[in-house]
Amino acid sequence: DLRAEEIRISFRNFEGRSVPSELQAERSVEWKTPPRKERQGTRPEPGRSLTAAFLKMLYDERGETPDSGSASGSVVVSGVPVGGPSNQEIRRLQADGIQFRIFPGSNRLKFFEGSGNVRVFFQKPPDPATDAPAQEFNTSSKDIRATFSEKDGTAETVSQWGNFRYEDRSRSATSGRPD
């Protein structure tokens, strides 16, 4: 579901038919993807959303699925699961601008890079096995890069650098680059 004040789509010819090649959305851009149900070997995924002032999407050769894109202007991405047993989630990621690539066919993030005023808000649910309560923390930096699993869309690597800062309810830390 994509909404914006202005949306433009460019088409090209592929095997005798017109297919999308590029989509541009401007002003009050809001792009939402629905939640994915649990399937054998994968866990359910939350719906995701992106808001920005500008969004550009490039489509695959056949014009069937988005291949890559960029967004700028107070970009906010939410609902990104992080891999591992913790079920940790990036609840919200903010940056001045982002670039991303998408796995063909699955419409899942493959690669993500953001720059300028990056803030990431994480949430980890309570762990009944250890009686650990829910945890929330946030990080900030100049830049961020993440790679994702094609199987379930979870973040496999996340790296932030440039005036990095970590904060939770009781601690804070700063560094040049954490991985």
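For the structure, see preceding data.
All of these numbers come straight from a predicted model, not from anything done at the bench. (Residues numbered from 1 in each chain as written. Predicted model: local features only at pLDDT ≥ 70, side-chain atom pairs only at ≥ 80, totals over all residues. Heavy atoms only, no water.)

Focus on the overall build of the protein
- Assigned secondary structure in the protein consists of zero helices and eleven strands.
- Written out in order from the N terminus, the α and β elements of the protein read β-β-β-β-β-β-β-β-β-β-β.
- In the protein, which comprises 179 residues, the share counted as buried stands at 38%.
- Roughly 10200 Å² of accessible area belongs to the protein as shown, and the carbon and sulfur atoms make up 47% of that amount. (Helix = DSSP H or I, 4+ residues; strand = E, 2+ residues; numbered from the N terminus. Buried < 20%, exposed > 50% of the residue type's maximum accessible area, 1.4 Å probe, protein only. Areas by Shrake-Rupley, 256 points an atom, 1.4 Å probe, with all protein chains shown as cover.)

Some thoughts on unusual backbone geometry
- Although it is not a glycine, E15 adopts a positive phi angle of roughly 50°.
- Relative to the helices and strands, E15 is located in the loop between β2 (6-14) and β3 (17-33).
- Of note in this structure, N163 is not a glycine but carries a positive phi near 55°.
- A relative accessible area of 70% means that N163 is categorised as exposed.

A few points about the packing of aromatic side chains
- Scanning all chains against the criterion turns up three aromatic pairs.
- Ring centres 5.3 Å apart and planes at 35° place the aromatic pair F137 and Y166 in the tilted group. Remark: Y166 occurs in strand β10 (residues 164-167) and F137 occurs in strand β8 (residues 135-148); sequence separation between them is 29 residues.
- A connected cluster of aromatic rings, assembled from ring pairs, spans F122, F137 and Y166.
- Sitting above the plane of the F121 ring, R92 keeps its charged end 4.0 Å from the centroid. (Phe/Tyr/Trp six-rings, centres within 6.5 Å; stacked < 30°, edge-to-face > 60°. Lys NZ or Arg CZ within 6 Å of the ring centre and 35° of its normal.)

Some points on the pattern of salt bridges
- Per the stated rule, a full pass over the model turns up twelve salt bridges.
- Across the pair R3 and D1 runs a salt bridge whose closest N-O atoms are separated by 3.4 Å.
- D1 gets classed as exposed once you look at its relative accessible area, which sits at 52%.
- Among the salt bridges present, the one from E30 reaches K32, with a minimum N-O distance of 3.3 Å.
- Looking at K32, the relative accessible area reads 40%, which means it is partly exposed. (Salt bridge = Lys/Arg side-chain N within 4 Å of Asp/Glu carboxyl O.)

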